[in-house]
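In case you want the letters, here they are:
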Amino acid sequence: MGRSSGRRGRRVRACVVALAAAVLLVLGTVGTSSLSALPASASAQPIGGSASDAEPGSAEASAVLPSGVMHSGSATSDPIGGAAATPLPAEVAPVVAERPVSGWLHTDGATIETADGSPYVIKAISWFGLETGNCAPHGLWSISLDSGLAQIASMGFNTIRLPYSNECLAQSASSSINEAANPTLAGLSPLQLMDAVIQGAKSYGLNVILDRHRPDSGAQSELWYTDRYPEATWIADWVMLAERYAAEPAVIGVDLHNEPHGTACWGCGDPSTDWQAAAERAGDAVLAANPNLLIVVEGVEKQSTGSTWWGGGLADAGDAPVSLDVADRVVYSPHDYPASIYAQTWFSASDYPANLREVWSSNWGYLAEQNIAPVLLGEFGSKVETESDRAWFESIVSYLSDTGISFAYWSFNPNSGDTGGIVKDDWVTPQADKLALLAPLIGTGSAVEPHAPAAPAPAPAPTTAPATPVPAPPVSPSPTAVPSPGGRIGGAAGEGNPGPAKPAVPTLPGPSAPSTPSVPDAGGAGQLAAEWDLQSEWPAGYVAEVSISNSGGAAGWSISWPDANATSIVNAWGMACAVKDKTVTCTGADWGRYIAPGQTLTAGVQVAATSAPKSPAFSLTTTN
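Every value quoted in this text rests on a predicted model; they were computed, and no experiment measured them.

1. Quick word on the overall build of the protein chain
Across its full length, the protein chain carries 11 helices and 23 strands. Every one of the 624 residues in the protein chain was classed for burial, and the buried ones make up 61%. In the protein chain, 77% of the contacts between residues at least 6 apart in sequence involve partners at least 24 apart.

Structure below.
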């Protein structure tokens with residue numbers, strides 16, 4: 001690893017100033033994002049209302065309607081399996097944003113622009129969970145949706161990148177939502193919960209980019225399809241979402257597929273692996289449903305110039321661009337991470353970190369630098385626990401600032417296994433050091449108060465449904481994904497894919513081919529009962545979640561399971577874990593220390609191991 005002390009020394013004064021500003025932000029936002037904040041309101045579809053809901057030019061119009069472009073969307077959500085449509089919960093009436101959302105965006109060369117031609121920089125942060133087994137943004141077991149959105153807005157971000165899985169779109173229920181903090185989210189399907197997040201985000205002046213993070217909720221796929229979720233399902237669900245939010249300009253773009261890697265290629269001509277061609281097929285289908293959306297296209301791991309991060313390689317996009325029927329809609333989106341995620345060769349170069357700009361420029365930055373197309377750095381992040389990571393962090397922020405490239409930080413969630421989040425494990429306290437490092441991009445922020453939900457309005461009956469998975473893909477299925485150099489393990493403590501960029505995330509059973517069920521504890525322990533779920537695995541380890549339910553007044557808990565292959569604990573959230581005598585033992589900690597009566601809490605752990613147990617017999621005990 002290269003040394004970064006010299007570069008860091010030159011930035012000390014600036015960092016001290018930024019850190020002081022971030023500390024002020026911490027003091028201001030903790031009070032406004034407390035657990036007592038009012039809950040977010042749920043919404044049905046379509047979101048945003050018709051073009052006649054507000055007068056053009058008014059504050060409400062700027063928060064609800066596109067500038068100069070009007071659409072009438074249709075409701076889209078039938079129950080799984082084509083049963084008779086049933087009305088959704090009442091729609092939340094359009095809310096006047098404290099800061100107006102940008103409205104529909106388009107591209108001009110390397111610039112993203114608003115409808116009036118003003119340059120616009122997307123400053124996003126990912127809030128994951130709708131792609132996991134919970135089928136809900138994580139942290140809603142502790143905080144309200146409103147307090148989380150207010151926190152994000154207060155930090156200076158203007159957009160939420162919202163990961164989801166096709167499996168969750170077809171589910172009838174989410175889990176791990178604290179209904180005391182989020183009463184209006186009770187009983188919502190994941191799709192209706194997505195509505196609520198979008199409506200809530202808009203009320204804080206936050207745009208939303210929908211991110212198809214994975215097909216099912218259990219693992220990241222190399223390609224955009226799997227046996228269970230073929231290309232036809234992938235495209236059909238994207239069209240459904242484009243139609244659902246056709247009247248909602250707060251939804252500014254769609255990230256077609258997270259981190260293509262492995263056999264995924266760029267412009268190779270093989271319809272089963274050519275990601276560039278697949279992005280064109282999906283992008284055209286989405287724009288036929290809503291021509292105002294930005295089409296966000298990630299890169300591939302293996303490009304003509306060599307391997308890089310999963311989704312990070314766009315070296316070939318300049319000569320072989322994604323060409324769509326609607327012009328000025330493509331935004332390219334690489335991912336990039338530091339040495340703590342994977343020891344890429346450039347981290348050990350003698351000129352590190354000065355060499356990073358050339359690495360970024362050759363892989364993806366040239367698209368913006370040469371005015372070819374806009375770039376949105378779709379993921380970057382770190383726990384910033386090493387000098388090398390800090391040098392990388394400072395360098396990439398400087399590069400983004402100098403080039404004006406848009407970005408999406410990974411992540412809001414503190415339970416991202418290898419990067420941590422922008423808030424601490426309580427889901428409330430900001431990470432002051434990270435905010436100081438990001439200050440050149442997002443500023444020092446200003447406190448934003450969570451507000452009460454808007455009054456409901458009648459919702460139309462749904463008309464179309466998420467696509468039902470079918471047994472076979474339209475093209476040859478890819479082999480089982482195997483971790484390869486360049487990857488990170490992020491997200492729900494391993495939220496991404498192990499390997500080139502980031503592993504995948506957990507899931508719920510699917511509508512046609514249920515995943516392996518969780519293993520219930522034999523009778524629980526006293527007033528507690530538990531389920532143990534393997535979320536993802538790879539040759540170097542695995543991620544497991546435990547869901548603990550309390551039917552009485554037990555104060556604390558501990559769970560253990562045998563694992564002869566475990567060597568150490570990489571990370572844990574909601575509990576403290578250790579490996580001893582071929583046994584993994586985890587005890588509730590931080591926000592997961594105590595479980596209130598009637599509450600179900602989900603915590604997780606990332607374990608370093610040569611293989612993962614599939615359904616271990618575990619023991620659950622109560623603690624003081």
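Read on, since the account is not over.
2. Notes on the environment of A282
Within the element layout of this structure, A282 appears in helix α8 (residues 275–289). Sequence-wise, A282 and I235 are 47 residues apart; in three dimensions their C-alpha atoms are separated by 5.6 Å. Contact partners of A282, with chain neighbours within four places excluded, come to W234, I235 and L256.

3. Looking at the packing of helix α10 (residues 387–403) against helix α11 (residues 432–442)
Relative to each other, α10 and α11 sit at 25°, their axes nearing to 8 Å. With respect to α11, the axis of α10 lies roughly parallel. From α10, R390, F393, E394, V397, L400 and S401 reach across to α11, where they touch D433, L437, L438, P440 and L441. Among the residues forming the contact of α10 with α11, the class breakdown is 7 nonpolar, 1 polar and 3 charged.

4. Remarks on the sheet that holds strand β21 (residues 583–588)
Read from one edge to the other, the open sheet built from 4 strands follows the order β20-β21-β18-β23, with strand pairing classed as antiparallel. If you trace the sheet from one side to the other, it starts and ends with β20 (575–580) and β23 (619–623), each paired once. Between one strand axis and the next, the sheet turns by 20° as a mean value, whatever way the strands run. Pairing of strand β18 (residues 556–562) with β21, which is carried by 5 bridges, proceeds in the antiparallel orientation. Bridging from a neighbouring strand, P562 pairs with T583 of β21.

5. Some details on the pairing of strand β8 (residues 294–298)
Among the 5 residues of β8, 5 are classified as buried, and the element is accordingly described as predominantly covered. Of the two faces of β8, the one holding L294, V296 and E298 and the one holding I295 and V297 are both buried throughout. Note that strand β7 (residues 251–255) and β8 share 3 bridges and pair parallel. What sits directly across from V254, in β8, is I295. Handedness of the crossover joining β7 and β8 through α8: right-handed.

6. Some remarks on the state of the cysteines
As enumerated under the stated definition, the model contains 3 disulfides in all. In the protein chain, the cysteines engaged in disulfides, taken in order along the sequence, are linked 1-2, 3-4, 5-6.

7. Here we look at the sheet that holds strand β6 (residues 207–214)
Pairing is parallel in the open sheet, where 8 strands are placed in the order β11-β8-β7-β6-β5-β4-β13-β12. Among the strands making up the open sheet, the edge pair consists of β11 (330–333) and β12 (376–377). By the bridge criterion, 3 bridges tie strand β4 (residues 123–126) to strand β5 (residues 159–165) in an arrangement that is parallel. For S126, the partnering residue across the bridge sits in β5 and is R161. Across the face of the sheet, α8 comes into contact with β7 and β8 while running at roughly 165° to β8.

8. What about the pattern of salt bridges?
Tallying each qualifying case throughout the model produces 10 salt bridges. Residue R244 pairs with D195 through a salt bridge whose shortest N-O separation is 2.6 Å. Of this pair, R244 sits in helix α7 (residues 231–244) while D195 sits in helix α6 (residues 190–203), placing them 49 residues apart in sequence. We note that R244, like D195, is buried. Connected through salt bridges with shared partners, the residues R161, D211, D255, E298 and E379 form a single ionic network.

9. What to know about the environment of S549
Along the chain, S549 turns up in strand β17 (residues 541–550). With 50 residues separating them along the chain, S549 and Q599 place their C-alpha atoms 5.9 Å apart. Setting aside anything within four residues of it in sequence, one finds S549 in contact with Q527, L528, A529, Q599 and T600.

10. Overview of the packing of aromatic side chains
To describe a pair of aromatic rings, one takes the distance between the centres and the angle between the planes. By the definition in use, this model includes 22 aromatic pairs. Ring geometry for W224 against W275: centres 5.8 Å apart, planes inclined by 40°, an arrangement best described as tilted. Here W224, found in the loop between β6 and α7, pairs with W275, found in helix α8; they are 51 residues apart in sequence, far enough to count as distant. The two residues W224 and W275 agree in class, both being buried. Pairing W309 with Y337 gives two aromatic rings, centres 6.2 Å apart and planes at 75°, and the pair type is edge-to-face. With W309 in the loop between β10 (306–307) and β11 and Y337 in the loop between β11 and α9 (356–369), the pair connects residues that are 28 residues apart, well separated along the chain. The two residues W309 and Y337 agree in class, both being buried.

11. Things to note about the packing of α7 against α8
Any two packed helices are characterised by how steeply their axes cross, that is the angle between the axes, and by the distance between the axes. Their axes nearest at 8 Å, the elements α7 and α8 cross at an angle of 35°. Once α7 is placed against α8, the crossing between them reads as right-handed. Between α7, through E231, W234, I235, W238, V239, A242 and E243, and α8, the contact on the second element is made entirely by W275, A278, R281, A282, A285, V286 and A289.

12. Description of the pairing of β17
With 9 of 10 residues buried, β17 is to be regarded as a mostly interior element. Taken together, the 10 bridges between strand β16 (residues 528–538) and β17 define a ladder with antiparallel strand orientation. Residue pairing across strands places L534 opposite A544, the latter belonging to β17. With antiparallel pairing between neighbouring strands as the criterion, β16 and β17 make up a hairpin whose turn holds 2 residues. In the sheet, β17 pairs with strand β22 (residues 600–609) via 9 bridges, with the strands oriented antiparallel. Each bridged residue has a counterpart across the sheet, and for A544 the counterpart in β22 is V605.

13. As for the nonpolar core
Grouped together as the largest cluster of nonpolar side chains are 106 residues, with contacts concentrated most on M194, L210 and F380. Those residues in contact with F380 that sit more than four places away from it in its chain are D336, Y337, W392, F393, I396, L400, F407, A408, Y409, W410, L438 and L441. Membership of the second largest hydrophobic core comes to 24 residues, among which are A530, A544, W561 and A566.

14. Side note on the side chain of D195
Among the residues examined, D195 registers a relative accessible area of 0% and is labelled buried. Side-chain polar atoms of D195 contact the side chain of R244, separated by 2.6 Å.

15. What to know about unusual backbone geometry
Of note, the amide linkage connecting Y352 to P353 takes the cis form, showing an omega dihedral of 5°. You can see P353 is positioned in the loop between β11 and α9. Cis geometry is found at the peptide bond from W410 to S411, where omega equals 5°. Along the chain, the position of S411 falls in the loop between β13 (406–409) and α11. Phi at C135 is positive, roughly 50°, even though this residue is not glycine. In this model, K582 sits at a positive phi of 60°, which is unusual for a non-glycine residue. One can find K582 in the loop between β20 and β21. Classification of K582 by relative accessible area gives exposed; the value is 57%.

What counts and what doesn't
Per chain, residues are indexed from 1 in the order of the written sequence. Given that the model is predicted, a residue must reach a pLDDT of at least 70 before its local features are reported, and side-chain atom pairs must reach 80 or more before they are shown or counted; all residues, however, enter totals for whole chains, interfaces and linings. As a rule here, side-chain values come from all non-hydrogen atoms in the structure, and water together with hydrogens is ignored. Strands here mean DSSP runs of E at least two residues long; helices mean DSSP runs of H or I at least four residues long; both are numbered from the N terminus. Here the term buried applies to any residue with accessible area under 20% of the maximum for its type, exposed to any over 50%, and partly exposed to those in between, with areas from a 1.4 Å probe on protein chains only. Note on contacts: a residue pair qualifies if any of its non-hydrogen atoms lie within 4.5 Å across the two residues. Whenever a helix is involved, its axis is fitted only over the stretch in contact; in every case the axis is a line through C-alpha atoms, and angles between N-to-C directions fall within 0 to 180 degrees. Working rule for angles: under 35 degrees goes down as roughly parallel, over 145 as roughly antiparallel, 65 to 115 as roughly perpendicular, anything else as oblique. In this classification, the charged set is Asp, Glu, Lys and Arg, the nonpolar set is Ala, Val, Leu, Ile, Met, Phe, Trp, Tyr, Cys and Pro, and all remaining amino acids, among them Gly, are polar. Strand pairing is assigned whenever DSSP identifies at least 2 bridges connecting the two strands. Seen with its strands pointing away from the viewer, a crossover is right-handed if its path from the first strand over the helix to the second goes clockwise. The disulfide criterion used throughout: a pair of cysteine sulfur atoms within 2.5 Å. What counts as a salt bridge is simple: a side-chain nitrogen of Lys or Arg found within 4 Å of a carboxyl oxygen of Asp or Glu. Here a pair means two rings of Phe, Tyr or Trp (six-membered ring of Trp) with centres within 6.5 Å. Their orientation is stacked below 30 degrees between planes, edge-to-face above 60, and tilted elsewhere. Crossings are assigned a handedness: left-handed for a near helix turned anticlockwise from the far helix by less than a right angle, right-handed for a clockwise turn. The term nonpolar core refers to a set of buried residues drawn from Ala, Val, Leu, Ile, Met, Phe, Trp, Tyr and Cys, joined through side-chain atoms within 4.5 Å. Here a polar contact means two N or O atoms within 3.5 Å. Within protein one must be a hydrogen donor candidate and the other an acceptor candidate, and residues neighboring in sequence count only if both atoms are side-chain atoms.

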